[in-house]
Each structure stands twice: as structure tokens, then as C-alpha cells.
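# Architecture at a glance
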Amino acid sequence: MSVKVIHEAPRDVPCIAEPDVLVVGGGAAGIAAACAAARGGAKTLLIERYGFLGGTFTAVTLGGICGTHMIVDDQHLERVVGGLYLELEARLIKRDGFLQPLRHGKIVGSPYDSESFKMVADDMMAAYGVTVLHHTYAVAVQAENGRVQAVIVESKGGRGAIVPRVVIDTTGDGDIAARAGAGYDAIEGGERQFGSTMFRFTNVDVARAKALSRPQMREILEGAVNDGYSLPRTTIGVHINPVDNITHVNVTKLGDSEGRPFNLMDPEQLSEAERTGRRQVALYEEVFRKYMPGYEKARVVDIGAVVGIREGRRVHGDQTLQESDVRNCVKPADRIAVTSWALEKHGAGRDTIWDFLPDGEWYGIPYGCLLVKGFDNLVVAGRNLSASHMAQASARIGGACLAMGEAIGTAAAMSLSLDATPRALAVPTLQARLEREGAILTPGA
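Overview of the structure. (Residues numbered from 1 in each chain as written. Predicted model: local features only at pLDDT ≥ 70, side-chain atom pairs only at ≥ 80, totals over all residues. Heavy atoms only, no water.)

### A look at the side chain of Thr136
Within the secondary structure, Thr136 is located in the loop between β9 (131-133) and β10 (137-144). Accessibility expressed as a relative area gives 6% for Thr136, which makes it buried. Here His134 takes part through its backbone oxygen, which lies 2.9 Å from a polar atom of the side chain of Thr136. (Helix = DSSP H or I, 4+ residues; strand = E, 2+ residues; numbered from the N terminus. Buried < 20%, exposed > 50% of the residue type's maximum accessible area, 1.4 Å probe, protein only. Polar contact = N/O pair within 3.5 Å; in protein donor to acceptor, adjacent residues only side chain to side chain.)

Take a look at the structure:
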């Protein structure tokens, strides 16, 4: 089948910025990367497609910040993420936008308010002197001989070129790496993780809602299925919001008419996923009001501005995190972030599959997973790290993304101060700097 092609006329593009470090994508990893790079003395520019920062935490909304603690035993938790995350947490607490970690069996998350998160992210950018351009899309990359020469952007002001010394791709989907010609994996078959549309209820009787365990809620939803409601998922995540009478719900599951996960890198499928998600939210609102104690008068107060994508492109790096590394709790000497999050699989059926690590165990993410193979000045952080399908199902969690972002932003600034590439940076030197800044590389030490 032939494809009609329109030829664009050649044009000159004005250079609008020449930062030391360009961070593309203002989610968890991007916020931490930008702050860390600027903290290290690099002139840092962050570009973001929305009018606010936070990414999955604010545009999708998650309800809880997960992956920052590991379970030691039935009574105790241990932090596995420190550094800039602790500042973020402290700023949220100051705004009454954060609750201490809550356990749901072996799942631990800290409820937060997404609107407070947006304001806190602004505050952190200002505190570290990061320049931020909102409503700005990276649309093309010029690369030559293993170096990104320029990132072409579009905004209300038109088209422009940004010429950085180092580029950090924190887009979540590896957009910059893909446009630069880097290798990546993007699963096309049924093993791709399902996405979700997140939403919040208001008018909830929180006292009664809190009394329900997740297994009890699943049993109630299975009862609704037996009564004829076509619920795509009954394994549910609920976070009690810091704002009174509001709960955040993670329960939708975005699949096509044949039950396959949408390819959320495809614009037509992404569009249909958005519509499917809203239809599912309406269905769950009806079911919750009818069946779920505490939700009799509940109404959906907001829906995430974009669907939650769990897995897009996984960029090829100097190293690749493997499923066996996660399951065997491997602690590599060159780790720059750690996590103890389960292998969390959103696959076929109404369940979510959780393969938990043993209590008190964790694994490390090697530095090489953030170095883009074949490129000297392009690095990544977040869920687009170099990882296998199942390893990414653990490493993509928010806490780990924050830690990876801080690590790679720190590395970018350090390498520039040495007039070297990030790949040439001595990992022990980077680790020492991270630990001085409060990052955790050996929990409990």
C-alpha cells in the first residue's frame, strides 16, 4: 500500500537556547534530573508538553507515591529512596498535600494531592534555578556521529532549535532517543502492559471506605461482574486523598474490542484508549455507587488528563536490567538507584499479578541502564530505561524514577564540569556524590 507523501520545504530554524543540560519531559525522573543537574552547576533547561510538571503524578494522577520504601517485616518499613525525593516530600507535607506511607498487604504507597504536587514542582524548579518551557513539544532530533546536535521543538512561538551539551530523555516513552536513531524495544504482541485511566471520587464516606481491604473490594466488584456488569478489572488500588472526602481509584484496564492491550505509541489507538477509559470510569462510578460501602453518594470529581502508560519504548543502553536481576535481588557495584518494588504485571484477565520480593530485600539499577548505546551525550531516566519487559515492570515505579533522575542529572553536571561524557564518568565518584546529597544506595546502611 502506497502512502501519500508531502514534501516540506527546507527552512532555517532559529536557535532559541543553548543549555548545558536539556531535560525533555517533566515527570518524576525529569523533575529530579533537572534539579540535580542545576544543583551541580549546569545551566539547565526543562521542556514539558503540558502547562504543569509532574507527568504521571499529575497528568495521569497516581494517588500514591510508591516505591520509596521496602517492607522489612510485618511492622517496619525502610526507605530506599532519599535525596531530592525527601525535599519533594517535605514540600508536599508543608502544603498539607501528603500522607505518610500506608500498607495494603505488601503494597506500600504514600497518598498525595496532585494539585499540590504541581505547585511543589514549580517551587523546586525555582529553588534550583531550572528554566522551564511549558507547552513545548520535541518534534525532531539532529544527531551525528553519536552526538545529539540539536533538539527541534514546537510551541506557541513556532519552531525552534535547542542546542545542548547533554540531553536527558525523561519522556517516559523514549521519544528523544527514538528520534535520534537509538535502538529500543517496544513490544508489539500481547505481552505489553495494559494502560489505565485514573480518576478520583468525591463525596466519599472515608471512614467506611478505609475499613475495606483490597481483597474485600475485589470480592465486591466480582459480585458486580456476576450481576452482569462487564468490568475489565476487579483488582483495585485505592488511595485516601489528603483532601477530605476524596479517594483516588486505579481500576480501569484499557484494551481493544478483542481484549488486547492498546498500543499506546500509536496515535489512533491512544485516542481510542482515552475514550475507552472514560467509558470505563462512568461504568465504575455506577458500580461503586451501587455496591461499594462508603461510595453511595460518590461522584467522579476528575479524570487524569491523559491515560496512564506503563510500558512504551525501552531504550537500548550499555547495560540492560534483566528479570533475573530483579528476582534474585542483584546488587551490582555500579548501581545508582535501588528499589524493592514487585514485578507488577497488568496483563490478561481481571487480576493484577504481583511477584513480591522477599521482605527486607532490594535490587540495584546499574548506571549503564541510563547510558544510551551508541551516543555520547544522550542519556535516559525513568520507565524508558534499558530493561527487559518484566524487569521494567518493577523498575518503572515512581520512587525508582525519582532516584534514576537524580542520578543521571548529577552525572550530567559532573561530566560537564570535567569536560567529559557521562559514559566516561567514574561510577564510584558519582555514587559518592549521590550519597553526600542523601541518595540511598544501600538501604539500612
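Read on for the rest.
### Here we look at the sheet that holds strand β11 (residues 147-155)
Within the open sheet, the 4 strands sit side by side as β1-β12-β11-β10. Their pairing is mixed. Bordering the open sheet on either side are β1 (15-17) and β10, each of which pairs with just one other strand. Sheet twist, expressed as the average angle between the axes of neighbouring strands with direction ignored, equals 35 degrees. In the sheet, β11 pairs with strand β12 (residues 158-162) via 5 bridges, with the strands oriented antiparallel. Note that in β12 the partner of Glu154 across the bridge is Arg159. (Pairing = 2+ DSSP bridges. Axes fitted to C-alpha atoms, helices over the stretch in contact; angles between N-to-C directions.)

### Notes on the pattern of salt bridges
As enumerated under the stated definition, the model contains 29 salt bridges in all. Of the charged contacts in the structure, one is a salt bridge between Arg11 and Glu8, with a shortest N-O distance of 3.5 Å. Relative accessible area serves as the criterion here: at 66%, Glu8 is assigned to the exposed category. A salt bridge links Glu87 to Arg91; the nearest nitrogen and oxygen atoms lie 3.1 Å apart. Residue Glu87 and its partner Arg91 are located together in helix α2 (residues 84-94), separated by 4 residues, close to a single helical turn. Using a relative accessible area of 22% as the deciding quantity, one classes Glu87 as partly exposed. Given a relative accessible area of 25%, Arg91 falls into the partly exposed group. Connected via shared salt-bridge partners are Arg39, Glu406 and Glu437. (Salt bridge = Lys/Arg side-chain N within 4 Å of Asp/Glu carboxyl O.)

### Thoughts on the environment of Glu286
In this fold, Glu286 is placed in helix α7 (residues 267-291). Sequence separation of Glu286 and Leu254 is 32 residues, and the distance between their C-alpha atoms is 18 Å.

### Considering the packing of helix α1 (residues 28-39) against helix α3 (residues 114-128)
How two helices sit against one another is set out by the angle between their axes and by the gap between those axes. Following both chains from N to C, one finds α1 and α3 inclined at 20 degrees, their axes separated by 9 Å at the closest point. By the angle between their directions, the pair α1 and α3 is classed as roughly parallel. Both α1 and α3 take part in a crossing whose hand is left-handed. Counted together, Ile31, Ala34, Cys35, Ala38 and Arg39 of α1 and Phe117, Ala121, Met124, Met125 and Tyr128 of α3 form the full contact between these two elements. (Parallel < 35°, antiparallel > 145°, perpendicular 65-115°, else oblique. Left-handed = near helix turned anticlockwise from the far one by under 90°. Contact = heavy atoms within 4.5 Å.)

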